[in-house]
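Structural features, examined
The chain contents come next:
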Amino acid sequence: IKPDGTEEAVTTLEPDGGILSYEDNWIYYGSRSNDGKIYRKNLSNYNTFETIVYNNDYDYSLDNFSIRDGWIYIIGDTSTADSIIRINPETMLKETLLEIPINSVPSGKTYEELWEMTVADEWIYYTIQTRLQETDGSSSMITEKFYKMKHDGSKKTFIRKRDY
């Protein structure tokens, strides 16, 4: 359905629904189940071929993404860090905006994990959780801190903290 409610059509996306974002008459979608690839479909022509705009050549597990001003903003993880990166899909230029190292954590110790991200206006809003590693291998959240930064990664600003 177009944003004005007209021109309903059936289109196929990932079976699990994946992760969606919208910009300039394009819907972008992806999921962990397709190896972190991001596709786009033009809403003006429902027969438009689904184009891979991000092929996950960077060894990131796709957790979350947004599209803003032609950039793809991705929250993902590798074996060594949780990161927020941005990629220009036309040039494949990649910039790391934030990186939280991942360390092996023994039970009873805490660690930080990049958790959520959204892009709104000129800011990227994100959360970092402090988690406690349990003896059974699970973890529990202790605190959640909310931050924002500019689209280029500058002006990182703490907003608030919530204890659990």
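To start, this report covers the structure provided alongside it.

Criteria and thresholds
Residues numbered from 1 in each chain as written. Predicted model: local features only at pLDDT ≥ 70, side-chain atom pairs only at ≥ 80, totals over all residues. Heavy atoms only, no water. Helix = DSSP H or I, 4+ residues; strand = E, 2+ residues; numbered from the N terminus. Buried < 20%, exposed > 50% of the residue type's maximum accessible area, 1.4 Å probe, protein only. Contact = heavy atoms within 4.5 Å. Areas by Shrake-Rupley, 256 points an atom, 1.4 Å probe, with all protein chains shown as cover. Phe/Tyr/Trp six-rings, centres within 6.5 Å; stacked < 30°, edge-to-face > 60°. Lys NZ or Arg CZ within 6 Å of the ring centre and 35° of its normal. Salt bridge = Lys/Arg side-chain N within 4 Å of Asp/Glu carboxyl O.

So, the overall build of the protein
Each helix and strand counted, the protein has zero helices and 12 strands in total. Listing the helices and strands of the protein from first to last along the sequence gives β-β-β-β-β-β-β-β-β-β-β-β. Evaluated residue by residue, the protein yields a buried proportion of 40% over its 164 residues. Within the protein, residue pairs in contact and separated by at least 24 positions form 34% of the contacts whose partners lie at least 6 positions apart. Accessible surface, the protein: about 9,300 Å² in total, of which carbon and sulfur atoms supply 47%.

Some points on the packing of aromatic side chains
Under the definition given, this model contains two aromatic pairs. Residue placement shows R86 over the ring face of W71; its charged tip is 4.0 Å from the ring centre. Geometry around W115 places R131 over its ring, the cationic atom sitting 5.3 Å from the centre.

Description of the environment of A81
By secondary structure assignment, the location of A81 is in strand β7 (residues 81–87). Distance from A81 to E99, taken between C-alpha atoms, is 6.2 Å for residues 18 residues apart in sequence.

Quick word on the environment of I75
Within the secondary structure, I75 is located in strand β6 (residues 71–77). The sequence separation of I75 and I85 amounts to 10 residues, and the corresponding C-alpha distance is 6.6 Å.

Quick notes on the pattern of salt bridges
Taken as a whole, this structure holds six salt bridges when the rule is applied. Where R131 meets E113, a salt bridge forms, and the shortest distance between an N and an O atom there is 3.7 Å. Pair noted here: R131 is in strand β10 (residues 123–133) and E113 is in strand β9 (residues 110–120), with a separation of 18 residues, a long-range link. When its relative accessible area of 11% is taken as the criterion, R131 is described as buried.

That is the geometry; function is a separate question.
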